[in-house]
Structure formats: structure tokens, C-alpha cells
Amino acid sequence: MPRFLKTLSRRLRQPFNSRYATRRLKEYHSQKRTLEEVVDWAMNFGGGGFMTVKTLQIPAEITQLAKAVQALNPKIIVEIGTARGGTSLIWSYLASERVITCDLNDMTFQRPLFSRFPPPGSNCQVTLLSGNSHDASFKARLTKELNGEKADFLFIDGDHTEAGVTADYNDYKEFVRPGGIIGFHDIVEKQPLATNQVYHLWKRLKPVSDVQEFVNNPNQCGFGIGILRVPGG
Ligand SMILES: C[S@@+](CC[C@H](N)C(=O)[O-])C[C@H]1O[C@@H](n2cnc3c(N)ncnc32)[C@H](O)[C@@H]1O
């Protein structure tokens, strides 16, 4: 189906999809959740069109990452690569003050839903930014949003090309506090797409940084999460 027809169809279905997503969110918020349950919701929230919430992660890997982030008692989490908000749902459970998540895509439709991700009683505010992380103006927007504060955790899961992920790392690492964590998705070398080149950067960082890997199966194709602890703190 041509792209404009797909968008039109999504817009027409928007009120129905929105009602379904609101119901699912209410169900999600109806009881106190464990981290494992939150990961399960991130993978299986479901929905349609712009209101789909989903993450393409290996549960064991994302759970290990979430536990490492939880151990930081994070106040602020920044994510490059929102997509369908699955990981944003997890960060919204963990961060006590803010989640700032960014994507190339226009997130206008998703904003009202994703901003209600934090559990009842949480003071976490979710901000969705649309734009290209490689644009200087985009970095300026994030700088303004952070207003001098540093993130406890930065998840880099946007542009997966070697140049793209390297630029994101170099441009945004300054926003993470000493002792904080920077996470990278898709670090394994065997990848389904030739443009998934995160492993090039990961191979360079590994010998010179304090790192940890969450890889479910050493022979897997795709996925794999790497974390790097920012020195100090
Ligand atoms: C793999 S998905 C993110 C998945 C999400 N973190 C999750 O697991 O639920 C990558 C997303 O990054 C976005 N992206 C790619 N390049 C980007 C860039 N330069 N700036 C901002 N977002 C980008 C894409 O639009 C896509 O939605």
C-alpha cells in the first residue's frame, strides 16, 4: 500500500485505536507492576496504527538492562529511538523525574498516550521529541529540555549505521552524569540488516571502557545490548 494511503488509513482508525490503547493502559495501571511484568507489557501491550505499543527486544536482555538501570535509582532517562514506545514504557516505570525520548518520526499522535506511561503516583514526566538526533538544532532542544541536569541513563537505539551510532555517542555522552550508564542496542556482529553496524563502535569502546554485555545467545543474529559506565561518580 502506498505510504500516503497507509497514513490516511491510520488516521481514520485513530479514534478506535486510541480507545483500545486507553483501555490497555488502564489495565496496565490497575495494579502495581514488577519490572518483569513491565517488560512483558512493553512486548505485548499491542494496539493498532499510531497507538501500537511494542518493543523488539529479547526479554532476557532488556530485563538485564532494566535491572542495571534500576540499580542507579534513575531520575532522568534519555532515549534516542522511540519507535513504538516499548522501551519508553520501561524507562517510564524506572525514572522518578523525567523520560525524554526522541525519534525521527512525528510523534504527535503518540504523545497523549506515551506521556501517560508512568505508573500511578509517579512524578515522572515523559517528553517526546521528534527530529533527527544528528541535527545541531535537535541537540540544542535536548540541551534546553535538560536545563543543565544530567541523565542517569542514555539509551542509544536510533541510527544503527556505524557513522550514525558513533555520532550519537559522541554528541550525547556529555548529557550523562558520572557513574551513569550509556546503553547500545544491537551490538552483536551477526545482524539481519547490513545497516546494523553498532558492533563497529562497540568493538572500539570495549577495550577502553567499563562495559557489560547482555547477549542471550552468543550465536544469535541481531539484538544484544551493551552498556558502558561513564567514569567517575
Ligand atoms: C530500533 S527502533 C527503536 C526501538 C525502541 N527503542 C524499542 O526498543 O522499543 C529505532 C528508531 O530510531 C529512529 N531513528 C533512526 N535514526 C534516527 C535519528 N537519526 N534520530 C532520531 N531517531 C532516529 C527510527 O525512526 C526508529 O523508530
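The rules behind each value
- Residues numbered from 1 in each chain as written.
- Predicted model: local features only at pLDDT ≥ 70, side-chain atom pairs only at ≥ 80, totals over all residues.
- Heavy atoms only, no water.
- Helix = DSSP H or I, 4+ residues; strand = E, 2+ residues; numbered from the N terminus.
- Rg over C-alpha atoms; globule rule 2.2 N^0.38 Å.
- Contact = heavy atoms within 4.5 Å.
- Areas by Shrake-Rupley, 256 points an atom, 1.4 Å probe, with all protein chains shown as cover.
- Lys, Arg positive; Asp, Glu negative; His and termini not counted.
- Charge placed at Lys NZ, Arg CZ, Asp CG, Glu CD.
- Near = heavy atom within 4 Å.
- Polar contact = N/O pair within 3.5 Å; in protein donor to acceptor, adjacent residues only side chain to side chain.
- Nonpolar A, V, L, I, M, F, W, Y, C, P; charged D, E, K, R; others polar.
- Phe/Tyr/Trp six-rings, centres within 6.5 Å; stacked < 30°, edge-to-face > 60°.
- Buried < 20%, exposed > 50% of the residue type's maximum accessible area, 1.4 Å probe, protein only.
- Salt bridge = Lys/Arg side-chain N within 4 Å of Asp/Glu carboxyl O.
- Arc of directions from axis to C-beta.
- Pairing = 2+ DSSP bridges.
- Axes fitted to C-alpha atoms, helices over the stretch in contact; angles between N-to-C directions.
- Patch = residues over 30% accessible without salt bridge, like charges linked within 9 Å, V, L, I, M, F, W, Y side chains within 5 Å.

> So what exactly am I meant to see when it comes to the overall build of the protein here?
On a plain count of helices and strands, the protein comes out with eight helices and seven strands. Scaling as 2.2 N^0.38, a compact globule of 233 residues should have a C-alpha radius of gyration of about 17 Å, and the protein matches this with 17 Å. Overall, the protein is about 50 × 40 × 40 Å in size when its C-alpha atoms are taken along their principal axes. Taking contacts inside the protein between residues at least 6 apart in sequence as the whole, the part at least 24 apart equals 71%. If you sum the accessible surface of the protein, you get close to 11,400 Å²; carbon and sulfur atoms cover 53% of it. Positive and negative charge centroids in the protein, built from 29 and 23 side chains respectively, lie 7 Å apart.

> Is there a simple way to explain the site of the ligand in this structure?
The environment of the ligand is made up of 19 residues, and the closest members are Thr-55, Gly-81, Thr-87, Asp-103 and Asp-157. Note that an oxygen atom of the ligand is positioned 3.0 Å from one of the side-chain N or O atoms of Gln-57. Burial of the ligand by the protein chains amounts to 82% of its free accessible area of 610 Å². Split into classes, the residues belonging to the shell around the ligand amount to two nonpolar, twelve polar and five charged.

> Before we go on, may I ask you to explain the packing of aromatic side chains in this structure?
Working definition: an aromatic ring pair is given by the centre-to-centre distance plus the angle between the planes. Taken as a whole, this structure holds ten aromatic pairs when the rule is applied. With centroids separated by 5.9 Å and ring planes inclined at 70 degrees, the aromatic side chains of Trp-41 and Phe-45 adopt a geometry described as edge-to-face. Summarising the burial analysis for this pair, Trp-41 and Phe-45 share the class buried. Each ring, one from Phe-184 and one from Trp-202, has its centre 5.7 Å from the other, and the planes form 55 degrees; the classification is tilted.

> Could you clarify how one ought to interpret the pattern of salt bridges in this entry?
Should their charged atoms come close, side chains of opposite charge can pair. For the structure shown, the criterion picks out nine salt bridges. The closest approach of N and O atoms between Glu-189 and Lys-203, which form a salt bridge, is 2.9 Å. Here Lys-203 lies in helix H8 (residues 198–205) and Glu-189 lies in the loop between strand S5 (176–185) and H8, a separation of 14 residues in the sequence. Overall, the relative accessible area of 47% leaves Glu-189 in the partly exposed class.

> What should I look at first to understand helix H2 (residues 35–44) in this one?
In an α-helix, one turn spans 3.6 residues, which is why side chains three or four residues apart end up on the same side. Within H2 the residues assigned to the buried category are Leu-35, Val-38, Val-39, Trp-41 and Ala-42. Buried residues of H2, seen end-on, are gathered within an arc of 160 degrees and therefore sit on one face of the element. In this structure, the buried side of H2 is in contact with helix H1 (3–28), helix H3 (59–70) and helix H4 (86–94). The first or second residue beyond H2 is Gly-46, which carries a positive phi of 85 degrees.

> Just checking my understanding: could you explain the environment of Ile-225 for this structure?
Inspection of the secondary structure assignment puts Ile-225 in strand S7 (residues 225–229). Ile-225 gets classed as buried once you look at its relative accessible area, which sits at 0%. Sequence spacing of Ile-225 and Glu-61 is 164 residues, and the spatial spacing of their C-alpha atoms is 6.6 Å. In this structure Ile-225 touches Gln-57, Glu-61, Ile-62, Leu-65, Phe-184, His-185, Ile-187, Gln-212, Glu-213 and Phe-214, once residues within four positions along its chain are discounted.

> What exactly am I supposed to notice about the sheet that holds strand S3 (residues 125–130) here?
One open sheet accounts for seven strands, arranged S3-S2-S1-S4-S5-S7-S6; its pairing is mixed. Unpaired on one side and paired on the other, S3 and strand S6 (210–214) mark the two borders of the sheet. In this sheet, adjacent strand axes meet at a mean angle of 15 degrees when their direction is disregarded. Where H4 meets the sheet, it contacts strand S1 (76–80), strand S2 (98–103), S3 and strand S4 (151–156), and its direction lies at approximately 170 degrees from that of S1.

> Would you mind going over a nonpolar patch on the surface with me for this structure?
A cluster of nonpolar side chains, contributed by Met-1, Phe-4, Leu-5, Leu-8 and Leu-12, occupies part of the molecular surface with about 590 Å² of accessible area. Relative to the helices and strands, Leu-5 resides in helix H1. On the basis of relative accessibility, which here comes to 34%, the residue Leu-5 falls in the partly exposed class.

Any functional reading would require information that these geometric values do not contain.
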